[in-house]
Amino acid sequence: MNVEKTAGSEDKRDCQVTVTSASSLEVQVEAGNKNLVEQGIRQVIEETAATLKVKKAKINAIDKGALDYVIAARVEAALRSVFPSTTSIQSGVSRIASKRGRPRRSRLYAPGNNPRLLVGIELHGADCVLLDLEDSVPPVEKAAARILVKHLLATIDLPEVWVRINPLSSYGRDDLAEVLRSRPHGICLPKAESAEDIDELATEIVRIEKELGIAEGSTLIMPIIETAQGILHAEEICAANERVAIVAFGAEDFTRDLGAKRTQESLLFARSMIVASAKASEVQASDTVYSNVEDEDGLIAETKLARDLGFDGKGAITPRQIAPIHAVFSPSKEAIEEAQKIVAVAKAAEARGIGAIAIGGKMIDRPVLERARRTLKLAQELTGEETR
Amino acid sequence: MKNALGREIPERIGKRKLRPFKGAFATTPTAQKAPRPQKTVKPGENKVLSSIEEAIEATGLSDGMTISFHHSFRNGDLLVNQVLDTCARMGLKDLRLFPTALFPVHEPLIEHIKNGVVTRIEGSMNGPVGAFVSQGGKLKAPAVLRSHGGRWRVVEAGDIKIDVAFIAAPQADPYGNANGIKGKTPCGPITFCTVDAMYAEKTVVVTNNLVPYPAYPFEIQQGWTDYIVVVDEIGDPESIASGTLMITRSPTRLKIARLASEAVRASGYLVDGFNFQGGAGGISLAATKFVGEEMAKLGIVGGFAMGGGTRLLVDILHQGLVRVILDGQAFDTAAIESLREDQNHVIMDPGQYANYDSRGCSTYMLDAAFLGATEVDLDFNVNVNTHSDGQLLHGIGGHQDVASGAKMTVITIPTLRGRLPVIVDSVTTVTTPGEVIDVVVTERGIAVNPRRKDLKDRFLAAGLPVRELKEIKQEADRLTRPPRKPIFGDEVIALIEWRDGTVIDSVRKVIGWE
């Protein structure tokens with residue numbers, strides 16, 4: 001029996017690794033700038049094989065300028081498909097659990113099996129990065145993708161990184177078992193439709209956290225609501241589990257499910273439903289992505305709408321969308337100054353035991369004061385994030 | 001011997017005693033400019049010849065002589081190959097080639113080197129010729145690479161005597177006036193070789209477009225031109241852009257460009273009268289675009305923008321963001337058209353903008369410039385000439401001249417190209433010394449040369465991500481195993497001259513791998 005399995009592609013920044021069984025370890029490397037890079041690539045391949053305890057295999061690599069973690073992931077994926085009993089590599093990464101309420105103005109999506117689009121994903125200042133194993137990954141690449149994501153998580157330092165797994169009914173359990181080894185800050189569940197969906201995911205996460213010795217509760221959950229069922233059950237989804245820190249809206253699937261055309265009007269009910277459900281459970285709400293990457297004005301307009309509806313952030317499908325999204329969701333200098341004034345006046349009034357306060361003859365009631373405090377808190381957190 | 005940067009260079013090459021690099025502005029010329037034989041053409045004399053072959057005969061070109069060319073057609077040049085094929089057919093041997101630059105289109109030159117038609121090259125070699133020469137043992141003497149200004153200087157100083165200059169001219173008249181911006185196949189200014197036309201023993205203008213007297217502007221003047229030859233084709237204008245003109249779409253590279261423009265804004269130089277060099281590579285082109293947008297936003301009117309001319313610079317001129325563009329070359333048709341039609345788009349030659357031994361260079365008037373690099377090292381030295389495997393890769397272009405002049409020279413580089421680190425401990429070859437590099441902008445932050453604490457303070461005050469070059473390097477190095485390093489032998493493949501004619505580095509043959 002001579003099985004041959006391949007992982008990775010010959011696209012830029014990828015490395016295609018083909019494994020066949022052999023009587024000893026043979027490594028062959030094809031690469032541009034071969035004189036310069038062959039030795040390094042060979043080391044990565046040999047070390048990965050050794051970690052997986054594979055001693056008999058022929059490994060062919062065609063490198064297109066891949067980073068080390070990509071090569072290691074491709075080798076692991078190909079070796080494990082030839083030798084299915086091989087145990088998955090533990091990445092040994094440690095990560096500080098993320099806080100529930102930290103600013104999440106942007107969620108940057110990145111396709112989980114495309115090394116070229118993953119290069120530099122940490123460089124664009126996204127509040128959260130979402131590595132996708134679902135829609136952007138075709139079924140034949142699911143296994144390689146989750147291994148690649150695991151290796152990326154173990155190598156690339158990101159302020160907050162989530163993995164969008166497949167639904168638990170398809171590849172989701174395998175996704176979880178693999179990527180939790182590298183301890184993402186959170187797991188993003190697509191097509192969430194009920195509290196049971198969240199419970200099921202949470203139970204699975206608890207089981208794997210225990211198995212891997214991860215502190216229980218450190219992995220957050222982000223349901224994506226993108227179906228009619230999901231919208232109608234938004235409240236219970238948000239309230240289902242304390243791990244749910246943020247809920248996201250997926251407009252493309254939602255309008256398809258409804259048979260509706262995507263307009264701001266057709267999305268209004270869903271958006272408002274999500275925001276109200278989220279806020280009722282002290283969960284953040286993140287708006288759907290804006291898919292026309294060339295139309296920055298449209299992006300800004302839609303982001304402002306989302307902000308005004310109560311969303312805390314918005315999805316981005318390219319790093320170019322991050323700056324405009326952040327600009328909309330960050331309090332302006334004027335807003336911060338105004339909020340400082342309100343809070344100061346309120347504090348002074350409180351000290352003097354005065355109940356009702358006013359600025360320039362305008363009454364400052366409780367909700368206004370609360371909003372001012374929220375603005376200052378966000379501003380403070382953003383400054384903190386940027387100086388990290 | 002070792003030069004001021006500690007680079008090992010030969011004492012002499014043949015009869016030429018080499019002068020080691022001492023510093024960016026350390027030398028002072030003492031000699032007179034080179035002479036050129038006087039000659040009188042009397043009224044009624046014919047200067048038009050019918051073929052390249054006839055021109056070769058008329059000029060008396062013979063074995064061992066030096067011939068020169070310009071590269072304004074870049075990878076679309078058809079003249080170098082035509083002339084060398086003709087020389088080969090006529091049995092000429094042992095020629096020294098002195099082009100402003102060679103490109104992949106000149107691959108047939110390899111045969112002429114093998115057959116001994118060409119035995120020496122002084123000029124940059126982009127592509128297959130560079131790779132071939134890098135194998136060693138191909139030429140009778142090491143190649144010599146010079147900047148635009150350095151090449152002008154060496155001709156003017158008489159250290160290179162050109163026997164015959166062949167000048168591809170998109171438009172010429174029967175008396176030898178010629179230009180590069182008109183005709184059927186315009187390529188932009190052909191002023192790289194103005195100095196060749198002025199100092200060569202014989203100057204031959206080769207055109208595919210002979211027009212009635214006078215052809216103007218007078219980039220090449222009748223008083224310098226011995227002969228005019230009309231041929232079918234001199235260049236393919238479709239190829240002159242050679243793919244350099246796409247603004248990058250890579251988020252990483254756009255981030256570098258954005259940071260570079262923010263560095264310019266924070267530098268204090270971005271005020272009315274701001275003069276800058278616009279780049280033509282992907283990152284510098286984007287940086288130039290962002291700086292233009294910044295100027296528009298701030299309501300700043302710059303002084304001049306220096307090319308290579310591009311559509312982008314022309315747009316910046318038309319928007320009134322600069323008063324004038326100064327161009328020694330043009331990278332696209334929009335720039336060429338603008339040179340024809342807009343008197344605020346001005347042609348200049350390297351003697352004007354880049355010559356060290358002169359009474360002033362336009363590059364010295366620059367506030368900011370964006371330049372690329374193959375490698376940058378922790379001393380801020382830049383390599384644009386060789387690949388990390390030691391192979392000759394690119395010419396110097398105006399890199400040294402611009403970096404020496406601009407008040408703020410910004411190197412825009414990604415930290416990795418594929419698996420290869422761009423920031424290294426010590427560059428494979430020094431093209432431009434760290435003392436004239438002010439800022440290195442990468443996707444992982446901005447590094448400022450310790451000599452420019454003033455800039456560092458300004459960048460920090462503006463909240464820019466200023467980091468040590470070493471720290472940026474370490475962060476990138478974590479992503480790939482280090483590449484192997486070549487081991488260099490004794491054979492010198494090429495000399496890299498500094499603008500003043502001193503030798504800043506030598507390129508040696510690779511004999512193995514560490």
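Scoring rules and cut-offs
- Note that residues are indexed from 1 along each chain, following the sequence as it is written.
- Here chains are named by letter from A upward and ligands by number from 1 upward, in the order in which they appear as written.
- Local features are withheld for residues below a pLDDT of 70 in this predicted model, meaning they are given only at 70 or higher, and side-chain atom pairs are given and counted only at 80 or more; totals for whole chains, interfaces and linings count all residues.
- Numbered from the N terminus, helices here are DSSP runs of H or I no shorter than four residues, and strands are runs of E no shorter than two.
- Any residue whose C-beta has 12 or fewer other C-beta atoms within 10 Å is treated as exposed, any with 20 or more as buried, and any in between as partly exposed, C-beta atoms being built from the backbone.
- Contacts are defined on C-beta atoms placed from the backbone: any two residues whose C-beta positions lie within 7 Å are in contact.
- Under the convention adopted here, Pro, Cys and the residues Ala, Val, Leu, Ile, Met, Phe, Trp and Tyr are nonpolar, Asp, Glu, Lys and Arg are charged, and Gly plus all remaining residues are polar.
- Strand pairing is assigned whenever DSSP identifies at least 2 bridges connecting the two strands.
- Helix axes are fitted to C-alpha atoms over the stretch in contact, other axes to C-alpha atoms as well, and angles between N-to-C directions run from 0 to 180 degrees.
- Here, the term right-handed applies to a crossover whose path from the first strand over the helix to the second runs clockwise when the strands point away from the viewer.
- Here the limits of each domain have been adopted from an automatic or database domain assignment.

As for the environment of B:Ser426
Residues and elements named next belong to chain B. Take Ser 426: it is sitting in the loop between β25 (423-424) and β26 (439-442). According to the C-beta neighbour criterion, Ser 426 is partly exposed, with 15 such atoms within 10 Å. Between the C-alpha atom of Ser 426 and that of Asn 275, which follows or precedes it by 151 residues, the distance is 32 Å.

What to know about the interface of chain A and chain B
Of the residues lining the interface, 19 residues belong to chain A; the matching set on chain B comes to 17 residues. The residue makeup of the side of chain A that touches chain B, split by class, is eight nonpolar, nine polar and two charged.

Some thoughts on the sheet that holds strand β3 (residues 25-31) of chain A
Residue and element names in this part refer to chain A. With mixed pairing, the four strands of this open sheet are ordered in space as β1-β2-β4-β3. The two strands at the open ends of the sheet, each matched to only one other strand, are β1 (4-7) and β3. In this sheet, neighbouring strand axes are inclined to one another by 15° on average, regardless of whether the strands run parallel or antiparallel. With four bridges connecting them, β1 and strand β2 (residues 15-20) associate as antiparallel partners. Bridging across to β2, Glu 4 finds its partner in Thr 20.

Points about the pairing of strand β9 (residues 220-225) of chain A
All names here are of chain A. Counting buried positions over the six residues of β9 gives six, a clear majority of the element. Side chains Leu 220, Met 222 and Ile 224 of β9 all project onto a buried face; the interleaved residues Ile 221, Pro 223 and Ile 225 project onto the opposite face, where all are buried too. Here strand β8 (residues 186-189) runs beside β9; their pairing, made up of four bridges, is parallel. Bridge assignment links Cys 188 to a residue of β9, and that residue is Met 222. With respect to chirality, the unit in which β8 leads through helix α6 (residues 195-212) into the neighbouring parallel β9 is right-handed. In the sheet, β9 pairs with strand β10 (residues 246-249) via two bridges, with the strands oriented parallel. By the bridge assignment for β10, Ile 225 is matched with Phe 249.

Focus on the domain arrangement of chain B
Residue and element names in this part refer to chain B. What the domain assignment reports for chain B is domain 1 (47-122 + 160-239) and domain 2 (251-477). On the domain 2 side, the residues contacting the 13 residues of domain 1 number 15 residues. Of the residues that constitute the side of domain 1 that touches domain 2, the class distribution is seven nonpolar, four polar and two charged.

Remarks on the sheet that holds strand β19 (residues 368-371) of chain B
All names here are of chain B. The mixed open sheet is built from eight strands, whose spatial order is β18-β17-β16-β15-β19-β22-β26-β27. At either margin of the open sheet sits one strand with a lone partner, and together these are β18 (345-347) and β27 (445-448). Against the sheet, helix α9 (residues 311-318) engages β16 (302-306), β17 (322-327) and β18, with an angle of about 150° to β17.

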